[in-house]
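Each chain, letter by letter, is given below.
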Amino acid sequence: GAGLWSEAGYSDGIIVTLPDLTISSIYNDNGKLSIRIANLGRGEAPKGLGHLYIWIDGVLKWTYSLGTLYDQAFRSPGGASSVQPQILTGQHTILAKIDPTNVIEESNEANNSLQKTLNFDSDLGIYGYLKIGKNKREVRWNQTITLTPADVDIISGTQPAFNLYYAYREYNGTQASGFRNAILFNDQLVSQQTNLSLLPKQIKYVTTQAYLKPQNGQFQIKIDADNNLKEVSETNNSAYVYINFSGF
(Lines give C-alpha, C1' and ligand atoms only; values in the text may rest on other atoms or scores of the structure.)
Protein backbone atom coordinates (compact mmCIF):
# COMPACT_ATOMS: atom_id res chain seq x y z
CA GLY A 1 0.00 0.00 0.00
CA ALA A 2 0.94 3.63 -0.24
CA GLY A 3 3.05 5.05 2.54
CA LEU A 4 6.34 6.72 3.53
CA TRP A 5 9.66 5.24 4.53
CA SER A 6 11.79 7.07 7.09
CA GLU A 7 14.54 7.56 4.53
CA ALA A 8 12.45 7.66 1.38
CA GLY A 9 9.84 9.76 -0.36
CA TYR A 10 6.74 8.30 -1.99
CA SER A 11 5.53 9.65 -5.32
CA ASP A 12 2.94 8.06 -7.65
CA GLY A 13 3.51 4.66 -6.12
CA ILE A 14 7.32 4.80 -6.61
CA ILE A 15 9.68 4.76 -3.63
CA VAL A 16 12.29 7.54 -4.03
CA THR A 17 15.32 7.51 -1.72
CA LEU A 18 16.18 10.90 -0.24
CA PRO A 19 19.32 12.67 0.92
CA ASP A 20 19.78 13.81 4.53
CA LEU A 21 21.94 16.92 4.74
CA THR A 22 23.53 17.80 8.05
CA ILE A 23 26.23 19.86 9.75
CA SER A 24 28.29 17.06 11.23
CA SER A 25 30.88 19.19 13.06
CA ILE A 26 32.24 22.68 13.65
CA TYR A 27 35.90 22.66 14.64
CA ASN A 28 39.21 24.49 14.84
CA ASP A 29 41.68 23.38 12.17
CA ASN A 30 44.95 25.16 12.91
CA GLY A 31 43.14 28.38 13.75
CA LYS A 32 40.87 28.14 10.72
CA LEU A 33 37.13 27.80 11.20
CA SER A 34 36.06 24.50 9.64
CA ILE A 35 32.51 23.32 8.95
CA ARG A 36 31.97 19.65 8.11
CA ILE A 37 28.83 18.94 6.09
CA ALA A 38 27.56 15.48 5.22
CA ASN A 39 24.84 13.59 3.41
CA LEU A 40 23.61 10.92 5.81
CA GLY A 41 20.79 9.80 3.56
CA ARG A 42 20.43 7.05 0.99
CA GLY A 43 19.75 9.41 -1.88
CA GLU A 44 21.97 11.79 -3.82
CA ALA A 45 21.55 15.52 -3.20
CA PRO A 46 20.02 17.26 -6.24
CA LYS A 47 22.13 19.64 -8.29
CA GLY A 48 21.81 23.40 -8.07
CA LEU A 49 19.66 23.63 -4.96
CA GLY A 50 20.20 24.79 -1.40
CA HIS A 51 22.64 26.95 0.54
CA LEU A 52 24.95 26.75 3.53
CA TYR A 53 24.81 29.74 5.92
CA ILE A 54 27.40 30.53 8.59
CA TRP A 55 26.94 33.05 11.43
CA ILE A 56 29.73 34.35 13.67
CA ASP A 57 28.56 35.74 17.02
CA GLY A 58 25.05 36.26 15.65
CA VAL A 59 26.12 37.95 12.41
CA LEU A 60 25.66 36.19 9.06
CA LYS A 61 29.15 36.10 7.54
CA TRP A 62 29.13 33.57 4.70
CA THR A 63 26.61 32.04 2.31
CA TYR A 64 27.65 29.14 0.09
CA SER A 65 25.66 27.70 -2.78
CA LEU A 66 25.61 23.95 -2.31
CA GLY A 67 26.07 23.70 -6.06
CA THR A 68 29.68 24.83 -5.54
CA LEU A 69 30.23 21.79 -3.31
CA TYR A 70 28.64 19.16 -5.49
CA ASP A 71 31.86 18.30 -7.28
CA GLN A 72 33.12 17.03 -3.95
CA ALA A 73 32.14 13.86 -2.11
CA PHE A 74 29.40 15.65 -0.19
CA ARG A 75 26.69 15.15 -2.82
CA SER A 76 26.75 11.33 -2.78
CA PRO A 77 24.99 9.23 -0.12
CA GLY A 78 27.30 8.93 2.86
CA GLY A 79 29.59 11.64 1.50
CA ALA A 80 31.06 14.64 3.32
CA SER A 81 33.00 17.83 2.62
CA SER A 82 34.66 20.54 4.72
CA VAL A 83 34.28 24.29 4.27
CA GLN A 84 36.98 26.54 5.76
CA PRO A 85 35.96 30.19 5.51
CA GLN A 86 38.58 32.03 7.55
CA ILE A 87 41.35 31.99 10.17
CA LEU A 88 39.99 33.31 13.46
CA THR A 89 41.45 34.30 16.83
CA GLY A 90 39.81 34.43 20.21
CA GLN A 91 36.47 32.93 21.25
CA HIS A 92 33.45 32.92 18.95
CA THR A 93 30.03 31.30 18.72
CA ILE A 94 29.48 29.75 15.31
CA LEU A 95 26.09 28.78 13.91
CA ALA A 96 25.87 26.83 10.65
CA LYS A 97 22.67 25.92 8.79
CA ILE A 98 22.40 23.83 5.65
CA ASP A 99 19.33 24.20 3.45
CA PRO A 100 17.38 25.94 6.24
CA THR A 101 14.49 26.85 3.88
CA ASN A 102 14.00 23.18 2.95
CA VAL A 103 14.27 23.60 -0.81
CA ILE A 104 15.82 20.12 -0.87
CA GLU A 105 13.49 17.30 0.13
CA GLU A 106 15.20 15.25 2.83
CA SER A 107 14.51 12.18 4.92
CA ASN A 108 15.27 14.23 8.06
CA GLU A 109 14.84 18.01 8.27
CA ALA A 110 15.63 18.22 11.99
CA ASN A 111 19.44 18.00 11.80
CA ASN A 112 20.24 20.85 9.42
CA SER A 113 21.84 23.24 11.91
CA LEU A 114 24.59 23.14 14.52
CA GLN A 115 25.96 25.76 16.92
CA LYS A 116 29.25 25.64 18.79
CA THR A 117 31.46 28.02 20.76
CA LEU A 118 35.17 27.68 20.02
CA ASN A 119 38.35 29.42 21.11
CA PHE A 120 40.86 29.68 18.26
CA ASP A 121 43.86 30.81 20.32
CA SER A 122 46.66 28.37 21.03
CA ASP A 123 47.03 26.61 24.38
CA LEU A 124 50.55 25.74 25.48
CA GLY A 125 51.32 23.64 28.50
CA ILE A 126 53.55 21.18 30.28
CA TYR A 127 53.31 17.60 29.09
CA GLY A 128 54.32 14.61 31.21
CA TYR A 129 56.80 14.84 34.09
CA LEU A 130 60.33 16.02 34.77
CA LYS A 131 63.31 13.70 34.55
CA ILE A 132 66.59 14.81 36.06
CA GLY A 133 70.18 13.67 36.39
CA LYS A 134 72.47 11.04 35.00
CA ASN A 135 69.95 8.25 35.52
CA LYS A 136 66.93 10.24 34.27
CA ARG A 137 65.07 9.93 37.54
CA GLU A 138 61.43 10.94 37.16
CA VAL A 139 59.68 13.24 39.60
CA ARG A 140 56.03 14.24 39.35
CA TRP A 141 54.96 17.85 39.59
CA ASN A 142 54.48 19.25 43.11
CA GLN A 143 56.48 16.33 44.49
CA THR A 144 59.99 16.24 46.02
CA ILE A 145 63.14 14.55 44.76
CA THR A 146 66.43 14.16 46.64
CA LEU A 147 69.55 14.49 44.49
CA THR A 148 72.89 12.95 45.42
CA PRO A 149 76.33 13.04 43.78
CA ALA A 150 75.31 9.92 41.84
CA ASP A 151 72.82 12.09 39.90
CA VAL A 152 75.39 14.67 38.80
CA ASP A 153 76.37 14.77 35.14
CA ILE A 154 79.35 17.13 35.45
CA ILE A 155 80.89 19.37 38.13
CA SER A 156 82.44 22.77 37.50
CA GLY A 157 84.28 23.92 40.61
CA THR A 158 81.77 23.38 43.38
CA GLN A 159 78.70 23.62 41.13
CA PRO A 160 77.07 20.36 40.02
CA ALA A 161 75.26 20.28 36.68
CA PHE A 162 72.28 18.03 36.00
CA ASN A 163 70.72 17.01 32.72
CA LEU A 164 67.04 17.95 32.57
CA TYR A 165 64.35 16.31 30.46
CA TYR A 166 60.87 17.75 30.05
CA ALA A 167 58.16 18.06 27.40
CA TYR A 168 55.57 20.64 26.41
CA ARG A 169 52.81 20.72 23.84
CA GLU A 170 50.07 22.67 22.10
CA TYR A 171 46.63 21.53 23.25
CA ASN A 172 44.06 23.49 21.23
CA GLY A 173 44.93 22.72 17.61
CA THR A 174 46.44 26.13 16.78
CA GLN A 175 50.02 26.76 15.73
CA ALA A 176 52.15 28.86 18.09
CA SER A 177 55.50 30.59 17.57
CA GLY A 178 57.81 33.22 19.03
CA PHE A 179 57.92 32.24 22.69
CA ARG A 180 60.48 31.32 25.35
CA ASN A 181 60.58 28.64 28.02
CA ALA A 182 62.38 29.40 31.27
CA ILE A 183 63.73 27.05 33.94
CA LEU A 184 64.25 28.55 37.39
CA PHE A 185 65.68 27.27 40.66
CA ASN A 186 64.83 29.31 43.73
CA ASP A 187 63.60 32.03 41.35
CA GLN A 188 66.94 32.23 39.53
CA LEU A 189 67.12 31.48 35.80
CA VAL A 190 69.25 28.36 35.26
CA SER A 191 68.27 27.42 31.70
CA GLN A 192 66.07 28.66 28.88
CA GLN A 193 64.94 27.76 25.37
CA THR A 194 64.21 30.65 23.01
CA ASN A 195 62.51 31.37 19.68
CA LEU A 196 60.27 28.34 20.06
CA SER A 197 57.37 27.16 17.94
CA LEU A 198 54.79 24.38 17.98
CA LEU A 199 52.53 22.92 15.33
CA PRO A 200 48.91 22.23 16.28
CA LYS A 201 48.78 19.51 18.98
CA GLN A 202 52.53 18.96 18.65
CA ILE A 203 54.56 17.59 21.58
CA LYS A 204 58.21 18.63 21.91
CA TYR A 205 60.74 16.89 24.13
CA VAL A 206 63.57 18.99 25.54
CA THR A 207 66.97 17.92 26.86
CA THR A 208 68.96 20.66 28.53
CA GLN A 209 71.37 21.11 31.41
CA ALA A 210 71.49 23.36 34.45
CA TYR A 211 73.94 24.10 37.23
CA LEU A 212 72.14 23.91 40.54
CA LYS A 213 73.58 25.20 43.77
CA PRO A 214 73.23 22.27 46.21
CA GLN A 215 70.75 24.09 48.40
CA ASN A 216 67.22 22.80 48.88
CA GLY A 217 64.58 24.71 46.98
CA GLN A 218 61.90 25.01 44.34
CA PHE A 219 62.50 24.08 40.72
CA GLN A 220 60.10 25.59 38.15
CA ILE A 221 59.51 25.35 34.40
CA LYS A 222 57.57 28.14 32.67
CA ILE A 223 56.22 27.66 29.15
CA ASP A 224 55.89 30.97 27.27
CA ALA A 225 57.60 32.57 30.23
CA ASP A 226 57.06 36.12 28.92
CA ASN A 227 53.36 35.61 28.12
CA ASN A 228 53.97 36.58 24.50
CA LEU A 229 51.04 34.50 23.30
CA LYS A 230 47.36 34.95 23.95
CA GLU A 231 46.17 31.51 25.07
CA VAL A 232 42.98 29.66 25.84
CA SER A 233 44.34 28.99 29.33
CA GLU A 234 47.41 30.18 31.21
CA THR A 235 46.93 27.76 34.10
CA ASN A 236 48.94 24.90 32.57
CA ASN A 237 52.03 26.90 31.57
CA SER A 238 54.13 26.32 34.67
CA ALA A 239 54.93 23.46 36.99
CA TYR A 240 57.05 22.94 40.11
CA VAL A 241 59.02 20.27 41.87
CA TYR A 242 60.99 20.52 45.09
CA ILE A 243 64.63 19.48 45.20
CA ASN A 244 66.59 18.39 48.25
CA PHE A 245 70.31 17.66 48.14
CA SER A 246 72.14 14.98 50.09
CA GLY A 247 75.83 14.11 50.25
CA PHE A 248 77.24 17.29 48.72
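Sequence positions are assigned chain by chain, starting from 1 and proceeding in written order. Residues qualify for local features only when their pLDDT is at least 70, as the model is predicted, and side-chain atom pairs are given and counted only at 80 or more; totals for whole chains, interfaces and linings, by contrast, use all residues. Think of the side-chain values as coming from all heavy atoms in the structure, minus any hydrogens and water.

**Student:** Help me out: how do you make sense of the pairing of strand β12 (residues 144-147) in this one?
**Tutor:** Within a regular strand, side chains alternate between the sheet's two faces. Burial along β12 is one-sided: Ile145 and Leu147 are buried, and none of Thr144 and Thr146, which face the opposite way, are. Paired strands, in this sense, are two strands between which DSSP finds at least two bridges. Segments assigned H or I by DSSP are reported as helices when at least four residues long, segments assigned E as strands when at least two residues long, and all are numbered from the N terminus. Examined bridge by bridge, β12 and strand β19 (residues 238-245) share 4 bridges and lie parallel to one another. If you follow Ile145 over to β19, its bridge partner there is Ile243. The buried label goes to any residue with under 20% of its type's maximum accessible area, the exposed label to any with over 50%, and the partly exposed label to all in between, with areas taken from a 1.4 Å probe on protein chains only.

**Student:** Just to check I follow, could you spell out the sheet that holds strand β6 (residues 59-65) for this structure?
**Tutor:** Pairing between the strands of a sheet comes from backbone hydrogen bonds, and it takes one of two forms, parallel or antiparallel. An order of β6-β5-β8-β9 is seen for the 4 strands of this open sheet, with the pairing classed as antiparallel. Two strands in the sheet have a free side with no partner beyond their single neighbour: β6 and β9 (113-119). Across the sheet, the mean angle from the axis of one strand to that of its neighbour is 20°, orientation sign disregarded. Taken together, the 6 bridges between strand β5 (residues 51-56) and β6 define a ladder with antiparallel strand orientation. Within β6, the position partnered with Trp55 by the bridge is Leu60. Helix axes use the C-alpha atoms of the stretch in contact, all axes being lines fitted to C-alpha atoms, and the angles between their N-to-C directions lie in the range 0 to 180 degrees.

**Student:** Honestly, the sheet that holds strand β18 (residues 217-222) in this entry has me stumped. Any pointers?
**Tutor:** If you trace the 5 strands from one edge of the open sheet to the other, you get β12-β19-β18-β15-β16, paired in mixed fashion. The open sheet is flanked by β12 and β16 (188-198), the only strands paired with a single partner. The sheet shows a mean angle of 20° between the axes of neighbouring strands, taken without regard to direction. Relative to β18, strand β15 (residues 176-185) runs antiparallel, the two being bridged by 4 bridges. What sits directly across from Ala182, in β18, is Lys222.

**Student:** Explanation requested: the side chain of Asn39 in the structure shown.
**Tutor:** Along the chain, Asn39 turns up in strand β4 (residues 32-39). Its relative accessible area of 0% is what places Asn39 among the buried residues. At a separation of 3.0 Å, a polar atom in the side chain of Asn39 contacts the main-chain amide nitrogen of Gly41. The residues touching Asn39, leaving out its near neighbours within four places in the chain, are Pro19, Asp20, Leu21, Glu44, Ala45, Phe74, Arg75, Ser76, Pro77, Gly78 and Gly79. Here a polar contact means two N or O atoms within 3.5 Å. Within protein one must be a hydrogen donor candidate and the other an acceptor candidate, and residues neighboring in sequence count only if both atoms are side-chain atoms. It only takes one pair of heavy atoms within 4.5 Å for two residues to be counted as in contact.

Function cannot be inferred from these measures alone, as they are strictly geometric.
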